[in-house]
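Architecture at a glance
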Amino acid sequence: MKNADPSTVNIDLQPGHAIRRLHQISVGIFLQEAGDLGITPVQYAALQVVGNQPGIDQRTLARTIALDASTTGGVVDRLEARGWMERRTAPEDRRARQLVLTAAGGQALAACIPAMLRAQEQILAPLTERQRSDFMRLLNLLVTQNNEMSRAPSEAMR
């Protein structure tokens, strides 16, 4: 397909375009469900990972949620400004910062989970149970197999 005629390319049949559109839809649904909580999908991911792994360092958080370090720093800054997360000095390395949820952050995370689950359900609603299983299996295969192509590969996929 070296010299494809541009007039023969249908953007709606391109997987990258469809994935970008699904991402837009996914974010829109999440914000519709969790909008009153004032949290973004990336902030939710950071809260969930820190909630699951108290004391995780910021660099590991970035690799876990597949963000670059500076973007993760901004996310943590915003969560810290809201009083939901704290950076603490690691006892074994005074240069390292460990992340922990505050009590308010734990409450925000708990309040967000029902909205997040509703959003996931709404995203998959057009699919049958079998299709959902197949879709998630194939989606995870694509993400795992293409992880290293990301600007910020997820360490969880390695």
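This section reports on the structure supplied with the text. Values in this document were obtained by computation on a predicted structure and should not be read as measured data. Here the residue index of a chain counts from 1 through its sequence in written order. Restriction of local features to residues with pLDDT of at least 70 applies here, the model being predicted, together with a cutoff of 80 or more for giving and counting side-chain atom pairs; totals for whole chains, interfaces and linings are based on all residues. Only hydrogens and water are set aside when side-chain values are computed; all heavy atoms of the structure are taken into account.

1. Some remarks on the side chain of Glu 33
Helical segments are the DSSP runs of H or I of at least four residues, strand segments are the runs of E of at least two, and each set is numbered from the N terminus. Inspection of the secondary structure puts Glu 33 in helix H1 (residues 15–34). Judged by relative accessible area, which is 18%, Glu 33 ranks as buried. Under this definition, polar contacts are N or O atom pairs within 3.5 Å; protein pairs additionally need one hydrogen-donor-capable and one acceptor-capable atom, and for neighbouring residues in sequence, both atoms have to be side-chain atoms. Of note is the side chain of Glu 33, whose polar atom sits 2.6 Å from the side chain of Arg 118. For Glu 33, the residues in contact, after removing those within four places along its chain, are Ala 115, Arg 118, Ala 119 and Gln 122. When accessible area is computed with a 1.4 Å probe and restricted to protein chains, residues below 20% of their type maximum are described as buried, those above 50% as exposed, and intermediate ones as partly exposed. When checking whether two residues touch, look at their non-hydrogen atoms; a contact exists if any pair is within 4.5 Å.

2. Description of the packing of helix H2 (residues 41–52) against helix H5 (residues 103–124)
To get an axis, a line is fitted to the C-alpha atoms, and for a helix only the part in contact is used. The angle between two axes follows their N-to-C directions and goes from 0 to 180 degrees. Relative orientation of the contacting elements H2 and H5 amounts to 120°, with a least axis distance of 10 Å. Here H2 is positioned oblique relative to H5, judged by the angle of their axes. Of the two possible hands of crossing, H2 and H5 adopt the one that is left-handed. Packed against H2, whose contacting residues are Tyr 44, Leu 47, Gln 48 and Gly 51, the element H5 presents Gly 105, Leu 109, Cys 112, Ile 113 and Met 116 at the interface. Gly is put with the polar residues, along with every residue not named as nonpolar or charged; the nonpolar set is Ala, Val, Leu, Ile, Met, Phe, Trp, Tyr, Cys and Pro, and the charged set is Asp, Glu, Lys and Arg. In the contact of H2 with H5, the residues fall into six nonpolar, three polar and no charged. In this scheme, roughly parallel covers angles under 35 degrees and roughly antiparallel covers those over 145, while 65 to 115 is roughly perpendicular and the rest are oblique. For any helix crossing, the convention is left-handed if the near helix is rotated counterclockwise from the far helix by under a right angle, and right-handed if that rotation is clockwise.

3. Details of the pattern of salt bridges
A pairing counts as a salt bridge when a side-chain nitrogen of Lys or Arg comes within 4 Å of a carboxyl oxygen of Asp or Glu. Using the criterion set out here, one finds eight salt bridges in the structure. Here Arg 118 ties to Glu 33 by a salt bridge, and the two come within 2.6 Å at their closest N and O atoms. Highlighted residues: Arg 118 in helix H5 and Glu 33 in helix H1, separated in sequence by 85 residues. With its nearest N and O atoms 2.8 Å apart, the salt bridge here joins Arg 87 to Asp 77. Here Arg 87 is found in strand S2 (residues 85–90), whereas its partner Asp 77 is found in helix H4 (residues 69–81), with ten residues between them in sequence. Exposure remark for Arg 87: the relative accessible area of 25% places this residue in the partly exposed category.

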